[in-house]
Amino acid sequence: MAIKNRNLKKGIYSSFLIGWRIETNWGKPLSVLLVRTARPISSALILSFMYSITSQGTQKEILLWVMIGISTWGFVQNQVEFMYWAIVSEREWLRNIKNVIISPTPFIVYLTGRSSAGLPFGLFSFAVILTTSNLLLDLGIKLSNIYFHYLFLAIVLSFIILFFLGLLTAGITLSTPKYPIGVGEALVGVLYLISGSIVRPEILPEVLQKISLSLPLSHLINLYRYALSPSFRTYAYNWIDLLSTGLIFSIIGYLIYSFSFYRARANGKIDQQTMY
């Protein structure tokens, strides 16, 4: 058992290093973080200025609501991207996925390490976007008003829930016959619109409202808002909705990944190149 635990720790650590070095192309960490954060910062500033102009600076709470949603999306984008990108790069480009799967380290442990490499990018993006927007747009976020224990719990729960979302996209990517790279991007894009990140669920069509409220991401982003600003603490935070949807979503994500992984191996798609 001790050997097994040691292998798991080594597997996660080595997978994390592989993911980090592949994504950064062996570059300097600070330079890579700045480059990867440039796009979300520019998107956040463009959207914030649009809100500022349309509301004429009178609706700071709406702008704060949007900016917190945008800043937290870096966790989703980076961690999920790293998960399905591991499948694409190992199978389609490096042609090494069979060796990874038959190695002593379980494949799911390898994916855990690879996706963990996205956490530093998500944290850096979260901090930079919030700090920049707070300074430029005067959002009113103060350290004295932040519930740091709630913020810490939100980050931990983000890693867990997004891990299973990444597993779901990895499973679908394994079974996608062509252009598997678009699976994760499409899923992240759809969730960006319906998970309460930039669009309030109550203004969505009724069907999309129900879907949005059934997603743990919607409740998770609200937890960040609750932790960062007293403007969103009118009521006590509803932990039941977050934990129940998170548990159900995690189980479904794991089952889809397990089924897709089994089918991919049974049909010989594990190391089959499917991109042109």
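Residues numbered from 1 in each chain as written. Predicted model: local features only at pLDDT ≥ 70, side-chain atom pairs only at ≥ 80, totals over all residues. Heavy atoms only, no water.

1. Quick look at the packing of helix H3 (residues 60-93) against helix H6 (residues 119-137)
Piece 1. As a packed pair, H3 and H6 sit with axes 8 Å apart at the nearest point and diverge in direction by 160°. As far as their axial angle goes, H6 and H3 are roughly antiparallel. For the element pair H3 and H6, the recorded crossing hand is right-handed. Contact residues: Lys-60, Leu-63, Met-67, Ile-68, Ser-71, Thr-72, Gly-74, Phe-75, Asn-78 and Phe-82 in H3; Leu-119, Phe-121, Gly-122, Leu-123, Ser-125, Phe-126, Ile-129, Leu-130, Ser-133 and Leu-137 in H6.
Piece 2. Here the contact of H3 with H6 is composed, by residue class, of twelve nonpolar, seven polar and one charged. (Axes fitted to C-alpha atoms, helices over the stretch in contact; angles between N-to-C directions. Helix = DSSP H or I, 4+ residues; strand = E, 2+ residues; numbered from the N terminus. Parallel < 35°, antiparallel > 145°, perpendicular 65-115°, else oblique. Left-handed = near helix turned anticlockwise from the far one by under 90°. Contact = heavy atoms within 4.5 Å. Nonpolar A, V, L, I, M, F, W, Y, C, P; charged D, E, K, R; others polar.)

2. Description of the side chain of Ser-229
Piece 1. Mapped onto the elements, Ser-229 comes out in the loop between helix H10 (216-228) and helix H11 (239-266).
Piece 2. Take Ser-229: its relative accessible area is 5%, and that puts it in the buried class.
Piece 3. A polar contact is formed between the side chain of Ser-229 and the backbone nitrogen of Ser-231, at a distance of 3.2 Å. (Buried < 20%, exposed > 50% of the residue type's maximum accessible area, 1.4 Å probe, protein only. Polar contact = N/O pair within 3.5 Å; in protein donor to acceptor, adjacent residues only side chain to side chain.)

3. Observations concerning the packing of aromatic side chains
Piece 1. By the definition in use, this model includes 15 aromatic pairs.
Piece 2. Note on Tyr-147 and Tyr-150: the rings are 5.7 Å apart at their centroids and 35° apart in plane angle, and the pair reads as tilted.
Piece 3. Ring centres of Tyr-226 and Tyr-237 lie 5.8 Å apart, and the angle between their planes is 55°; this geometry places the pair in the tilted category. Here Tyr-226 is found in helix H10, whereas its partner Tyr-237 is found in the loop between H10 and H11, with eleven residues between them in sequence. The burial state of Tyr-226 is the same as that of Tyr-237; both residues are buried.
Piece 4. Ring-pair connections join several aromatic residues into one group, and the members of that group are Tyr-147, Tyr-150, Tyr-226, Tyr-237 and Trp-239.
Piece 5. Over the aromatic face of Trp-65 sits the side chain of Arg-200, whose NZ or CZ is 4.6 Å from the ring centroid.
Piece 6. Lying across the ring of Trp-65, Arg-225 places its NZ or CZ 3.7 Å from the centre. (Phe/Tyr/Trp six-rings, centres within 6.5 Å; stacked < 30°, edge-to-face > 60°. Lys NZ or Arg CZ within 6 Å of the ring centre and 35° of its normal.)

4. Digging into the pattern of salt bridges
Piece 1. Counted by the stated rule, this structure contains two salt bridges.
Piece 2. One salt bridge connects Arg-200 with Glu-202, and the closest N-O pair in it is separated by 3.7 Å.
Piece 3. A relative accessible area of 26% means that Arg-200 is categorised as partly exposed.
Piece 4. In this structure, Glu-206 and Lys-210 form a salt bridge, with 3.9 Å as the shortest nitrogen-oxygen distance. Residue Glu-206 and its partner Lys-210 are both found in helix H9 (residues 206-213); the two are separated by four residues, about one turn of the helix.
Piece 5. Assessed through its relative accessible area of 56%, Glu-206 is described here as exposed. (Salt bridge = Lys/Arg side-chain N within 4 Å of Asp/Glu carboxyl O.)

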